[in-house]
Amino acid sequence: MKRCFILFVIFLMLCGCKGNTYTDDSEKSTYPDSPAVTRDEILLSDFSYDNLDGGIVYLNYSQKSKGYIGVALKEEMEKKVKIRIIKDDMTYTYDVNGTTMKAIPLQMGDGTYTVKIFEQIEGDQYALILTNDIGVYMDSEFSVYLYPNQIVDYDINSLVIDKSFEVTDGLTNDLDRIYSLFVYVLDLMTYDKQKAEYVKTVYVLPDLDEAITTGKGICFDYASLLAALCRIQHIPAKVIVGYTDIEYHAWCEIYLENEGWINPKVYFNAASWSLVDPTFADSGSDYTGRYDEVYHY
């Protein structure tokens, strides 16, 4: 099986990028063919059973082997509620929003995870409500990057599903699918400067339907949208949040069979494709600095 080399950067900036059109698809890759996914094969979160009482929340550990757990408020609350996921020396903290069960990723591999629930007392003060330790053994190392979660959030009724199948229709391999989905995001999206100012003081989760409908967002939205489009096609994709030499950013890592995780540069055939950096394309900059991950989802 031929080894494919990559040549574009999927680098998506939280605070300084904007959409760019890149439509040169005159040459297709020679990457090996792979079967297309059908709509019946879409992987979605499943919380149909085993909801546990977690005090002010319901918890669901039934799908931990697939790389996620579920959490939902028992009832709407004025005070904030947070869930903290801890393994070894790494900690992820998420807001618990609403009474609909949402998937929280278990992206730190096999082992013992500690789940903590906190309720707001006042301001930044929180009280610990519950602590659980759970053993996690994944069905696959890629499962967590194939299902929706709180950061890459979609369900069977989401617009992103139709778009993923529309954009990849007729394509015969994952390399061409990734490229076409990437171009779709660039063609669709325009950087939302107003939202960029707003999120300096308020944490806002990506809304994929809003991004598709308005064609606007910050780069957290760009990265989440691209990851969702790929996951729907059974292509593992991470949303990465971290630093470059310039500032705080979000970008994607995508897994390509026989290549491994592409971090953060995805190389198309070196003879046919040129470097594409959606972050600095408009300014003419060719960024070659560091990419340091802080979190991934």
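Owing to the predicted nature of the structure, the values given are computational and were not obtained by experimental measurement.

Caption draft 1: Here's a closer look at the nonpolar core. Formed by 66 residues in total, the largest nonpolar core has its most connected members in Val 57, Ile 69, Ile 83, Ile 85, Ile 117 and Val 160. Counting residues per element, this core draws most heavily on helix H5 (residues 219-232), which supplies 11 residues. Setting aside residues no more than four positions away along its own chain, Ile 85 makes contact with Ile 69, Met 90, Thr 91, Tyr 92, Tyr 94, Ile 104, Leu 106, Met 108, Tyr 113, Thr 114 and Val 115.

Caption draft 2: Representation of the sheet that holds strand S9 (residues 111-122) within the structure. Strand order in this open sheet of four strands is S7-S6-S9-S10, and the pairing throughout is antiparallel. Because the sheet does not close on itself, it has two edges, and the strands there are strand S7 (90-95) and strand S10 (125-136). The average undirected angle you get between the axes of adjacent strands in this sheet is 20°. As defined by bridge partners, strand S6 (residues 81-87) adjoins S9 across six bridges and the pair is classed as antiparallel. Bridging from a neighbouring strand, Ile 83 pairs with Ile 117 of S9.

Caption draft 3: Region of the structure containing the packing of helix H2 (residues 174-188) against H5. At a closest axis distance of 10 Å, the pairing of H2 and H5 adopts a crossing angle of 145°. As H2 packs across H5, the resulting crossing turns out to be right-handed. Where H2 abuts H5, its residues Leu 181, Phe 182, Tyr 184, Val 185 and Leu 188 lie against Tyr 222, Leu 225, Leu 226, Leu 229 and Cys 230. In terms of residue class, the contact of H2 with H5 is made up of 10 nonpolar, no polar and no charged.

Caption draft 4: Geometry of unusual backbone geometry. For Asp 88, which is not glycine, the phi dihedral falls at a positive 55°. Relative to the helices and strands, Asp 88 is located in the loop between S6 and S7. Positive phi, close to 65°, is recorded for His 234, a residue that is not glycine. With respect to the secondary-structure elements, His 234 resides in the loop between H5 and strand S13 (237-244).

Caption draft 5: Looking closely at H5. With 14 residues, H5 extends 20 Å from end C-alpha to end C-alpha; this agrees with the ideal 20 Å at 1.5 Å per step. Of all 14 residues that make up H5, 14 are buried, and the element is covered over most of its length. His 234 sits one or two residues past H5 and shows a positive phi near 65°.

Caption draft 6: Expanded view of the sheet that holds strand S3 (residues 51-53). One open sheet holds the four strands; their spatial order is S3-S4-S5-S8, and the pairing between them is antiparallel. Unpaired on one side and paired on the other, S3 and strand S8 (102-105) mark the two borders of the sheet. Neighbour-to-neighbour, the strand axes of this sheet turn through a mean angle of 35°, independent of strand direction. Of the pairings in the sheet, the one linking S3 to strand S4 (residues 57-60) comprises three bridges and is antiparallel in character. Its bridge partner lying in S4, Leu 52 is registered against Leu 59.

Caption draft 7: Geometry of the environment of Leu 186. Relative to the helices and strands, Leu 186 resides in helix H2. In this structure Leu 186 comes out as buried when scored by relative accessible area, which is 2%. It is 8.4 Å that separates the C-alpha atoms of Leu 186 and Tyr 222, two residues lying 36 residues apart in sequence.

Scoring rules and cut-offs
Residues numbered from 1 in each chain as written. Predicted model: local features only at pLDDT ≥ 70, side-chain atom pairs only at ≥ 80, totals over all residues. Heavy atoms only, no water. Core = buried A, V, L, I, M, F, W, Y, C linked by side-chain atoms within 4.5 Å. Buried < 20%, exposed > 50% of the residue type's maximum accessible area, 1.4 Å probe, protein only. Helix = DSSP H or I, 4+ residues; strand = E, 2+ residues; numbered from the N terminus. Contact = heavy atoms within 4.5 Å. Pairing = 2+ DSSP bridges. Axes fitted to C-alpha atoms, helices over the stretch in contact; angles between N-to-C directions. Left-handed = near helix turned anticlockwise from the far one by under 90°. Nonpolar A, V, L, I, M, F, W, Y, C, P; charged D, E, K, R; others polar. Expected span 1.5 Å × (residues − 1).

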